[in-house]
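Residue-level listing of the chains:
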Amino acid sequence: RQCGGLSANALVAAARLGAHCAFAGQLGSDELSQTVIDNFRLRGIDLTHLKHDPAAKPVHSTIVISDGGKSRAIFPYRPGNYGAPDDWPAPDVIRSARVLFVDHMGARGQARAARIAREAGIPVVSDLERDESPYFGELNGLIDHAIFSHEFATHLTHQPDAAQAVQMLAQGRAVTIVTVGEQGCFVVDGAAPNTVKHVPAFTVDVVDTTGCGDCFHGGYADGLALGLPLIQRIRLASATAALKATQRGGQAGCPTMAQVQMFLAQQA
């Protein structure tokens, strides 16, 4: 049994890189909630702003990975009460962050948090993978650093070409990225909205791809908090994801900043 999830994995990845990360979602009093809480503490995630709700439970998934580590199947169970609360955490907590990270779980609460952050001038980084919520459009419109998988970008734009999809999704954002696995990513910088850049991925011996996308998100958010230029942020994110792919497990495979820096030095 291992802990995962979009924001959870990204937080652990950023924390392993040296960032101070806090989780402000909701968890309950059941066994799985306690497992998540214990794991967050083990990984160094600040739980000061965790909301305890007896009715809340984490999503529980069974993941089957191929022997080669290049494919997987996920069988999720989604309880009735999960994701970001509608009115939590307090606005001052959100304003105290250097970067706010959101996903689609509890889109109404995520949109509230993103709105408060944007009004305070705090960058919002996203990992959005589902758009069923009626609040998805509002949430998506508040993201200024949007990172989409190729699959979800195609779903949103009906455009299978990643370079064209990223440009369609880039309007009004500071940065838009569409990740394409071992092919790297396509990027639009809001300062040059008509230019699409392709950044290749690093080549590694793949063991397990679980959590690689989440590590990319966490690495990018950490680079943003550190004030790195865009291409350096992407290289940090790509290296974090690449090194994770060489290890089994999602959070267990997240590299440290020292490991990432050594890896990047070897690529020069």
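Bear in mind that the values here come from a model prediction, so they are computed numbers and not experimental data. (Residues numbered from 1 in each chain as written. Predicted model: local features only at pLDDT ≥ 70, side-chain atom pairs only at ≥ 80, totals over all residues. Heavy atoms only, no water.)

Brief notes about the overall build of the protein
What counts is decided by this rule: Strands are runs of DSSP state E lasting at least two residues, helices are runs of H or I lasting at least four, and both sets are numbered from the N terminus onward. Our radius of gyration is a C-alpha quantity, and the globule rule it is checked against amounts to 2.2 Å times the number of residues to the power 0.38. We call two residues in contact when some of their heavy atoms are within 4.5 Å. Throughout, the Shrake-Rupley method with a 1.4 Å probe supplies accessible areas, and for residues the shown protein chains are the sole cover considered. Positive: Lys, Arg. Negative: Asp, Glu. His and the chain ends are not part of the count. Charged groups are reduced to one reference atom each: NZ for lysine, CZ for arginine, CG for aspartic acid, CD for glutamic acid.
Within the protein one finds 10 helices and 10 strands. In terms of C-alpha radius of gyration, the protein reaches 17 Å, essentially the compact-globule figure of 18 Å for 268 residues. Counting only C-alpha atoms, the protein reaches 50 × 40 × 35 Å along its principal axes. When contacts within the protein are restricted to residue pairs at least 6 apart in sequence, those whose partners lie at least 24 apart make up 58%. Looking at the protein as shown, the accessible area adds up to about 13100 Å², and 51% of this sits on carbon and sulfur atoms. Across the protein, 22 positive and 25 negative side-chain charges occur, with their mean positions spaced 3 Å apart.

Quick look at the state of the cysteines
For clarity, the threshold we go by: A pair of sulfur atoms, both from cysteines and within 2.5 Å, is called a disulfide here. Buried, partly exposed and exposed residues are distinguished by accessible area as a fraction of the type maximum, computed with a 1.4 Å probe on protein chains only: under 20%, between the cut-offs, and over 50%, respectively.
For the structure on display, the rule yields zero disulfides. Left without a disulfide partner, C215 is nearest to the cysteine sulfur of C254, which lies 3.4 Å away. With relative accessibility at 1%, the residue C215 sits in the buried group.

Notes on the packing of helix α1 (residues 6-16) against helix α8 (residues 212-226)
Selection rule: Here the axes come from fitting lines to C-alpha atoms, over the contacting stretch only for helices, and the angles between their N-to-C directions go from 0 to 180 degrees. Oblique is the label for any angle not covered by the other classes, which are roughly parallel (under 35 degrees), roughly antiparallel (over 145) and roughly perpendicular (65 to 115). In a left-handed crossing the near helix is turned counterclockwise from the far helix by less than a right angle, and in a right-handed crossing that turn is clockwise. When residue character is reported, Ala, Val, Leu, Ile, Met, Phe, Trp, Tyr, Cys and Pro are called nonpolar, Asp, Glu, Lys and Arg charged, and the others, Gly included, polar.
Two elements in contact, α1 and α8, have axes separated by 7 Å at closest approach and are oriented at 50°. In terms of orientation, α1 and α8 fall into the oblique class. Note on packing geometry: the crossing formed by α1 with α8 is right-handed. Residues L6, N9, A10, A13 and A14 of α1 pack against D214, C215, H217, G218 and D222 of α8. Per-class residue counts for the contact of α1 with α8 are five nonpolar, three polar and two charged.

What about the layout of surface pockets?
Heads up, the rule is: The distinction between a cavity and a pocket rests on a 1 Å grid over the protein atoms alone: a 1.4 Å probe fits inside a cavity but cannot get out, while a pocket stays open yet meets protein on both sides within 12 Å along at least five of seven lines, and a residue with an atom within 4 Å of a point counts as lining. Grid points are joined across faces, edges and corners, and a volume is the space filled by probe spheres set on the points.
Here the second largest pocket is characterised by a volume of approximately 230 Å³. Contributing to the lining of the second largest pocket are 14 residues, with Y82, H104, M105, G106 and A107 lying nearest its centre. Among the residues making up the lining of the second largest pocket, the classes are represented as five nonpolar, five polar and four charged.

Looking at the sheet that holds strand β10 (residues 197-199)
The line we're drawing: Think of it this way: DSSP has to see at least two bridges between two strands before they count as a pair.
With mixed pairing, the six strands of this open sheet are ordered in space as β5-β6-β7-β8-β9-β10. Looking at strand neighbours, the two that pair on one side only are β5 (100-103) and β10, the edges of this open sheet. On average, each strand axis in the sheet is tilted by 20° relative to the strand beside it, whichever way the strands run. Relative to strand β9 (residues 185-189), strand β8 (residues 175-179) runs antiparallel, the two being bridged by five bridges. Residue pairing for β9: V175 is matched across the bridge by D189. Sheet strands touched by helix α6 (residues 150-157): β7 (145-149) and β8. Its angle to β7, the strand with the most contacts, is close to 100°.

Considerations on the environment of G218
Within the fold, G218 resides in helix α8. Spatially, the C-alpha atoms of G218 and D38 are 20 Å apart, while their sequence positions differ by 180 residues. If near-sequence neighbours (up to four positions away) are discounted, G218 is found in contact with A10, A13 and A14.

A few points about the side chain of R112
This is how the line gets drawn: The working definition used for a salt bridge is a side-chain nitrogen of Lys or Arg within 4 Å of a carboxyl oxygen of Asp or Glu.
With respect to the secondary-structure elements, R112 resides in helix α4 (residues 107-119). Despite its burial, R112 pairs with no opposite charge; the closest candidate is D87, at 6.5 Å N-O. Ignoring sequence-local partners within four residues, the contact set of R112 consists of D86, D87, W88, P89, A90, P91 and I94.

Things to note about a nonpolar patch on the surface
Where we set the bar: A patch consists of residues whose relative accessible area exceeds 30% and which take part in no salt bridge; residues with like charges are grouped when within 9 Å of each other, and nonpolar side chains (Val, Leu, Ile, Met, Phe, Trp, Tyr) when within 5 Å.
On the surface, I63, I65 and I74 cluster together into a nonpolar patch covering about 220 Å² of accessible area. The topology assignment puts I65 in strand β3 (residues 60-65). Overall, the relative accessible area of 32% leaves I65 in the partly exposed class.

Quick look at the nonpolar core
How we decide: Take the buried Ala, Val, Leu, Ile, Met, Phe, Trp, Tyr and Cys residues and link them wherever side-chain atoms come within 4.5 Å; each set so joined is a nonpolar core.
Formed by 29 residues in total, the largest nonpolar core has its most connected members in L100, V124, L139, I143, F148 and V178. For this core, the secondary-structure elements that each account for two or more residues are β5, α4, α5 (136-141), β7, α6, α7 (162-169) and β9. A total of six residues in this core trace back to one element, the largest contributor, which is α4. Ignoring sequence-local partners within four residues, the contact set of F148 consists of L128, N140, A153, L156, L169, R173, T176, I177, V178 and T179. By size, the runner-up hydrophobic cluster in this structure holds 20 residues, among which are C212, Y220, A221 and A241.

Everything listed here is a matter of coordinates, which is why it stays silent on function.
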